[in-house]
Amino acid sequence: MGKSARPFGVVSAAPYGSAAILPISWGYIKMMGPRGLRRATQMAILNANYMARRLEQEFTVLHRGEESGLVAHEFILDARPFKRSAGVEAVDVAKRLMDYGFHAPTMSWPVNGALMIEPTESEPKQELDRFCDALLCIRREIRYRKIVILQKKHIFAHCEHPSFRDIEEGRIDKDNNPIKRAPHTLAQVRLVHATRPLMGKSFETILHFRSFRLTGTAPTPGRKQLSRR
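Chains are numbered independently. Their residues run from 1 in the order of the written sequence. Under the rules for a predicted model, residues below a pLDDT of 70 receive no local features and side-chain atom pairs below 80 are neither given nor counted, while totals for whole chains, interfaces and linings still include all residues. With hydrogens and water set aside, each side-chain value is computed from the structure's full complement of heavy atoms.

Student: Help me get a handle on the overall build of the chain, residues and values and all.
Tutor: A run of H or I in DSSP becomes a helix once it reaches four residues, and a run of E becomes a strand once it reaches two; helices and strands are each numbered from the N terminus. Counting its secondary structure elements, the chain contains eight helices and four strands. Taken from N to C terminus, the helices and strands of the chain fall in the order α-β-β-α-α-β-β-α-α-α-α-α. The buried label goes to any residue with under 20% of its type's maximum accessible area, the exposed label to any with over 50%, and the partly exposed label to all in between, with areas taken from a 1.4 Å probe on protein chains only. Sorting the 229 residues of the chain into buried and exposed places 42% on the buried side. Each accessible area value is a Shrake-Rupley result obtained with a 1.4 Å probe; residue values ignore everything except the protein chains displayed when judging cover. Total accessible area computed for the chain in this model is approximately 13,900 Å², and 57% of it derives from carbon and sulfur atoms.

Written out as structure tokens, the structure is:
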């Protein structure tokens, strides 16, 4: 663009918001109908509470019902204790999820330093369990502890291997570990680098998760490339 270039005004904004939002919402409601909307709502709430129950032993679930202990269609996992104990923040967990083939959930909203997970009504139980297993494996990497993996043992038994060293107890460096250096590209997973402590059974776990994912691909940029964006 030269010195004579001029701004051409607003591109995406409109006086009454995006007009496409209204017909999409209307079409969804019209196609689902009263029974379909009720069923979708029930499934979304059920899925969120199922995942919260699976993860509550290793993560603190925030803002649950005082009497019921239930959540709505989404729930919030507190990652702030990990920063104090292991130097691991919510962004590190989010980027580590990319290694397991998952897009990270909402981060640091509405609670700073937490992850908000909204499984919706469309995900099958197999995917819900796979996502929970990935988070539990990441929790194991932070602190070595027995966890419950529901998927096939020959796929996810690697999470029980001692190679998942304990950051909180100082068995692995707080700044040079698979979580703080995530995500790892496929080339980095295949090629063991001396400066990257993602090796042994940890490699096999990542490859298994990516192989058995229904959707998703390996991260293209690594941590350094993401930090420059």
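Having seen the model, we can carry on.
Student: Tell me what's going on with the pairing of strand 4 (residues 114-117), and back it up with residues and numbers.
Tutor: If a strand is regular, its side chains alternate between the two faces of the sheet. In strand 4, alternate side chains face the same way, and those of Ala 114 and Met 116 on one face and Leu 115 and Ile 117 on the other are all buried. At least two bridges found by DSSP between two strands is the condition for calling them paired. Here strand 2 (residues 75-78) pairs with strand 4 via four bridges, running antiparallel. Looking across to strand 4, one finds that Ile 76 is bridged to Met 116. In the sheet, strand 3 (residues 106-107) pairs with strand 4 via two bridges, with the strands oriented antiparallel. When the sheet's bridge partners are listed, Thr 106 is paired in strand 4 with Met 116.

Student: Can you lay out the environment of Asn 49 for me, pointing to particular residues and giving the numbers?
Tutor: Tracing the sequence through the fold places Asn 49 in helix 1 (residues 21-55). Asn 49 sits in the buried class, given a relative accessible area of 11%. Each C-alpha atom, one on Asn 49 and one on Gly 69, is 9.4 Å from the other, the two residues being 20 residues apart in sequence. Between two residues, a contact is recorded if the distance between any of their heavy atoms is within 4.5 Å. Residue contacts for Asn 49: discarding those within four places in its chain leaves Leu 70, Val 71 and Ala 72. Whenever two N or O atoms come within 3.5 Å, that pair is a polar contact, provided that in protein one can donate a hydrogen and the other can accept it, and provided that, for residues adjacent in sequence, both atoms are side-chain atoms. Side-chain polar atoms of Asn 49 contact the backbone nitrogen of Val 71, separated by 2.9 Å.

Student: Give a description of the pattern of salt bridges that names residues and reports values.
Tutor: For salt bridges, the criterion is a side-chain nitrogen of Lys or Arg within 4 Å of an Asp or Glu carboxyl oxygen. Taken as a whole and assessed by the stated rule, the structure comprises 10 salt bridges. Close ionic contact of Arg 130 with Glu 127 constitutes a salt bridge, the shortest N to O distance being 2.7 Å. Of the two residues, Arg 130 and Glu 127 both sit in helix 4 (residues 125-142), three residues apart, roughly one turn of that helix. You can call Arg 130 buried: its relative accessible area is 2%. A relative accessible area of 7% places Glu 127 in the buried class. If you follow the salt bridges from partner to partner, you end up with Arg 54, Lys 125, Asp 129 and Asp 133 in one network.

Student: A description of the pairing of strand 2 should follow, citing residues and the corresponding values.
Tutor: Burial of the side chains of strand 2 extends over both faces: Phe 75 and Leu 77 are buried on one face and Ile 76 and Asp 78 on the other. As paired elements, strand 1 (residues 60-62) and strand 2 share three bridges and run antiparallel to each other. Its bridge partner lying in strand 2, Thr 60 is registered against Asp 78.

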